2 protein chains.
Amino acid sequence: LEARLPAEFELIARHFKRLAGQGALGLADDAAVITPPANRQLVISADAMVQGVHFLPDDPPNTIGRKLLRANLSDLAAMGADPLGYLITVSVPKATPDAWFAGFAAGLAEDQAHFGLSLLGGDTTSTPGPISLSATVLGHVAPGAALTRAGARAGDGIFVTGTIGDGALGLRALRGEIADPDGFLASRYQLPQPRLGLALAGIASAAMDVSDGLLQDLAHLCRASGVGAQVQAALVPRSAAARAAGPAWLPLCLTGGDDYELLLAVPASAEAALLAESARAQVPIMRIGRFVADPACFELFDARGQTMTIPQAGWSHF
Amino acid sequence: LEARLPAEFELIARHFKRLAGQGALGLADDAAVITPPANRQLVISADAMVQGVHFLPDDPPNTIGRKLLRANLSDLAAMGADPLGYLITVSVPKATPDAWFAGFAAGLAEDQAHFGLSLLGGDTTSTPGPISLSATVLGHVAPGAALTRAGARAGDGIFVTGTIGDGALGLRALRGEIADPDGFLASRYQLPQPRLGLALAGIASAAMDVSDGLLQDLAHLCRASGVGAQVQAALVPRSAAARAAGPAWLPLCLTGGDDYELLLAVPASAEAALLAESARAQVPIMRIGRFVADPACFELFDARGQTMTIPQAGWSHF
């Protein structure tokens, strides 16, 4: 019983029960029971987040669960899947106030409504350490239509959604290292925007979400597809706030992570369809380079066409 | 990037990739893609475990992941579901040695083979705190056949599988508070035995797994079913090791948790079928009492028919 919060059941009833969807059995049984959507494949992703590592101790509880949920939804978006439901585990210190749970659940409620999914189950435990969370998100996709990292071909364009670097800069802004007068960068760190709703099947030859840093993630996609890449740094879309931070922060933007944008490989023949889909879904998409046949080629160019080197610990691993 | 273990990808490839099953995409993509079994419902459960709360710092890494997996499999067993796959999140200190991961994954490999499921995905992160794990397990069941906590009726027998109390005693044995010469109690704490493989559809009117303590979990089942319960303490099956600990430990056996046995409601008309299934599956099942109509009745009797009171913090909550 020391393994459980003393009032775990009341706590679940008070804050989480209203999040429960069809099949969740009111969060009061041993497991959820769902009927999978007919003629669809299931897409499933799990992420963990730890206080002080993935979010800050001062982050509002309202955003913490949403960030976790959105990180998982970004994985679904990268597979071209539609969200269905999620499970969440919450390990918090025993002294965590009720208001923390209220804010945490209220944030999840907002995002459930916005993204169209519901809570299926989970677990609530105490921890002697920092808050530790995990979520598993289920989605669905037409059979065979899931986008993977493995389909990029030489000649395909490299595209990204939205703007790159805001999340990493937002972390520095929250630490007081960068000015962030209107809080835009901080909000991008605390509440990423998963790019659900783009119909990319038949358009993208490969896709992944950018969570570990654009260049590292591009290297993963190249390795999975057996190709190389050439990227024009000047074409990488950055927000007005990121540009205002100055050119010294460009390397961090390209490698910092926490973007939760999509990285796409798109053959030239599908670029017109991609731009039409970008306009329809109102998701900005930019071409930042191209995939090349040589898997050993991984080049970043500046505006003058000079090769750039990004000083970044760990970069040599990739 | 500080959000990831420096060598996360190598680590996943080295230890976890061999656990990956069909649809896991080699653990190298954003999510798993699985085709759900035809004409089945999905059963999904998630649990979290924290070092120092759910397992001990000295527990061998080989058992830690297995305990987590088995706790979830016990939830599937309680729903009458067959296992399909699981996702796991692992948050560990940066200094965690490679041998820890090797032992952790080797334990999971054993249990995957034994219980017939495979790894679909997950996440590996660092934490400044204690090891924090979560797992989500997917199973499947014939449509409408999932057992819930809500179906017990007055007159149904209360049954439990296996023996009760070993896990809670095992924790005390590992702390040196109880003798455990052959390590049986400790092994029951570290490696619970999920009661998969019993065909209970059409036999049990309600089921749940015993994880928070027999009496508390029975109270949950009563509340979900709108019935009361009368339990004969002397009929609650205890192992030879638990009986050898002496009568002073009986209250802990009844309330201590970590049993991962099944608690069943079975109408008299199905008792013969239950006993036949118990023999077929070679899972011992004992009748310990009966459900009664009055939801306010929750009674425990000793061998002389006297009402027993169990001193247990938190008991008044239920």
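Scroll up to find the structure.
Keep in mind that this is a model prediction, so the values were computed, not measured.

**Quick look at the overall build of chain A**
A count of helices and strands for chain A gives nine helices and 11 strands. Relative to its length of 318 residues, chain A is compact, with a C-alpha radius of gyration of 20 Å against a globular reference of 20 Å. Counting only C-alpha atoms and orienting by the principal axes, one finds that chain A spans roughly 60 × 50 × 35 Å. Relative to its 318 residues, chain A shows a buried fraction of 61%. The long-range fraction of contacts in chain A, counting pairs at least 24 apart against all pairs at least 6 apart in sequence, stands at 85%. Accessible surface computed for chain A: about 11,500 Å², of which carbon and sulfur atoms make up 55%. In chain A, 22 side chains carry a positive charge and 30 a negative one; their mean positions are 3 Å apart.

**Quick look at the packing of helix α1 (residues 8-16) of chain A against helix α3 (residues 98-115) of chain A**
The packing of two helices is summarised by the inter-axis angle and the distance between the axes. Residue and element names in this part refer to chain A. Contact pair α1 / α3: the axes reach a minimum separation of 9 Å and the direction vectors enclose 40 degrees. In terms of axis orientation, α1 runs oblique to α3. The handedness of the crossing between α1 and α3 is right-handed. Contacts between α1 and α3 involve Leu11, Arg14, His15 and Phe16 from the former and Asp98, Phe101, Ala102, Phe104, Ala105 and Leu108 from the latter.

**What about helix α6 (residues 214-225) of chain B?**
Residue and element names in this part refer to chain B. The end-to-end C-alpha distance of α6, which contains 12 residues, comes to 16 Å, matching closely the 16 Å that a straight helix rising 1.5 Å per residue would cover. Counted residue by residue, α6 has 10 buried out of 12 residues, so it is predominantly covered. Listed as buried for α6 are Leu214, Leu215, Gln216, Asp217, Leu218, Ala219, His220, Leu221, Cys222 and Ser225. Among the residues trailing α6, glycine 226 stands out with phi positive, at a value near 70 degrees.

**Here we look at the environment of glutamate 110 of chain A**
Residue and element names in this part refer to chain A. Turning to its location among the elements, glutamate 110 is positioned in helix α3. Placed 59 residues apart in sequence, glutamate 110 and leucine 169 show a C-alpha to C-alpha distance of 25 Å. Ignoring anything within four residues of it in the chain, the contact list for glutamate 110 reads Asn62 and Arg66.

**A look at the relation of the copies chain A and chain B**
Taken as rigid bodies, chain A and chain B are interconverted by a rotation of 180 degrees and an axial shift of 0.0 Å, the fit giving an RMSD of 0.0 Å. Such a turn and shift between the copies fits a two-fold axis. Considering only C-alpha atoms, the part of chain A nearest the rotation axis is glycine 129 of chain A, at 2.4 Å. A high fraction, 100%, of the interface residues of chain A reappear at the interface in chain B, so the copies pair face to face through one surface.

**Points about the packing of aromatic side chains**
Residues and elements named next belong to chain A. Under the defined criterion, the tally for this structure stands at six aromatic pairs over all chains. Plain terms: the ring middles of phenylalanine 16 and phenylalanine 104 are 6.2 Å apart, the flat faces sit at 75 degrees to each other, and that makes the pair edge-to-face. Here the residue phenylalanine 16 occupies a position in helix α1, and phenylalanine 104 occupies one in helix α3, the gap between them amounting to 88 residues. Take phenylalanine 16: its relative accessible area is 4%, and that puts it in the buried class. A relative accessible area of 0% places phenylalanine 104 in the buried class. An aromatic cluster of three or more residues is present, and its members are Phe16, Trp100, Phe101 and Phe104. The residue whose ring lies beneath lysine 67 is tyrosine 189, and the NZ or CZ to ring-centre distance is 3.5 Å.

The rules behind each value
- Residues numbered from 1 in each chain as written.
- Chains lettered and ligands numbered in written order.
- Predicted model: local features only at pLDDT ≥ 70, side-chain atom pairs only at ≥ 80, totals over all residues.
- Heavy atoms only, no water.
- Helix = DSSP H or I, 4+ residues; strand = E, 2+ residues; numbered from the N terminus.
- Rg over C-alpha atoms; globule rule 2.2 N^0.38 Å.
- Buried < 20%, exposed > 50% of the residue type's maximum accessible area, 1.4 Å probe, protein only.
- Contact = heavy atoms within 4.5 Å.
- Areas by Shrake-Rupley, 256 points an atom, 1.4 Å probe, with all protein chains shown as cover.
- Lys, Arg positive; Asp, Glu negative; His and termini not counted.
- Charge placed at Lys NZ, Arg CZ, Asp CG, Glu CD.
- Axes fitted to C-alpha atoms, helices over the stretch in contact; angles between N-to-C directions.
- Parallel < 35°, antiparallel > 145°, perpendicular 65-115°, else oblique.
- Left-handed = near helix turned anticlockwise from the far one by under 90°.
- Expected span 1.5 Å × (residues − 1).
- Least-squares fit on C-alpha atoms with pLDDT ≥ 70 in both.
- Phe/Tyr/Trp six-rings, centres within 6.5 Å; stacked < 30°, edge-to-face > 60°.
- Lys NZ or Arg CZ within 6 Å of the ring centre and 35° of its normal.

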